[in-house]
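Chain by chain, the residues run as shown.
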Amino acid sequence: MSKGHQHHYKVDVTWTGNQGTGTKTYQGYGREHEIRIAGKPVLAGSSDPTFRGDASKHNPEDMLVTALSTCHMLSYLHQAVLAGVVVTAYQDSAEGTMETDAHGGRFLEVVLRPVVTIAAGSDPAKAEAAHEPAHHACFIANSVNFPVRCEPRIVIQSV
């Protein structure tokens, strides 16, 4: 039996929201934090504003939806090459739905809505079909326990 190839990702997260009294009260601390990955710009993070966070900063829920969208895009671009489809533009407006209750919360689904522009002469049916193997190849989609749906729209580039 062969073993798969392991890949490791290191992220350093530092809470910066201590406003002088630590977590003495729920209202008394900030949710701000910094995300550091070697060789990359620092990301300023917080929680969603619903959970007393700073709306101007990235939150984990946004980053999860972003990870699913970008992973699908990168997998799709590879599948397009394999299908002989020339993609000239790709824009996704992805949305995630999360539900909370007294015990916490969880994502119910993420819907990807990519608009893929292909070169004239590329096959739109192949362009649309490439989303299925892209979904199955997406590392992030394979790692979540909720549905990730894709509702693509194919546009043929005008000449």
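Here, every reference points to the structure presented above.
In this report, the structure presented in the accompanying data block is examined. Just so you know, the residues in each chain are numbered from 1, in the order the chain's sequence is written. Local features in this predicted model are restricted to residues of pLDDT 70 or higher, and side-chain atom pairs are both shown and tallied only at a pLDDT of 80 or more, whereas totals for entire chains, interfaces and linings draw on every residue. Derived side-chain values reflect all non-hydrogen atoms in the structure, with water molecules and hydrogen atoms excluded from consideration.

**Describing the sheet that holds strand S2 (residues 33-36)**
(1) Moving on: Pairing is antiparallel across the open sheet formed by three strands, whose spatial order is S1-S2-S3. Pairing within the sheet leaves two strands with one partner each, and these edge strands are strand S1 (12-15) and strand S3 (43-45). With strand direction ignored, the average angle separating the axes of adjacent strands in the sheet is 25°.
(2) Moving on: Across four bridges, the pairing between S1 and S2 is antiparallel. Between any two strands, at least two bridges found by DSSP are needed for them to pair. Numbering of helices and strands runs from the N terminus; a helix is a DSSP stretch of H or I covering at least four residues, while a strand is a stretch of E covering at least two. Simply put, an axis is a line fit to the C-alpha atoms, just over the touching stretch for a helix, and the angle between two N-to-C directions goes from 0 to 180 degrees.

**Concerning the pattern of salt bridges**
(1) Moving on: For salt bridges, the criterion is a side-chain nitrogen of Lys or Arg within 4 Å of an Asp or Glu carboxyl oxygen. Summed over the entire model, instances satisfying the criterion amount to seven salt bridges.
(2) Moving on: Ionic pairing is found between Glu-34 and Arg-36, a salt bridge with its closest N-O pair at 2.5 Å.
(3) Moving on: Relative accessibility thresholds used throughout: buried, under 20% of the residue-type maximum; exposed, over 50%; partly exposed, between the two (1.4 Å probe, protein chains only). Overall, the relative accessible area of 26% leaves Glu-34 in the partly exposed class.
(4) Moving on: For Arg-36, a relative accessible area of 34% puts it in the partly exposed group.
(5) Moving on: For Arg-113, the salt bridge is made with Glu-151, and the minimal N-O distance between the two is 3.2 Å. Highlighted residues: Arg-113 in the loop between strand S6 (104-112) and strand S7 (114-118) and Glu-151 in the loop between strand S8 (148-150) and strand S9 (153-156), separated in sequence by 38 residues.
(6) Moving on: What emerges from the salt-bridge pattern is a single network uniting Glu-95, Glu-109, Arg-113, Arg-149 and Glu-151.

So, to be careful, I would describe these as geometric facts and stop short of saying anything about function.
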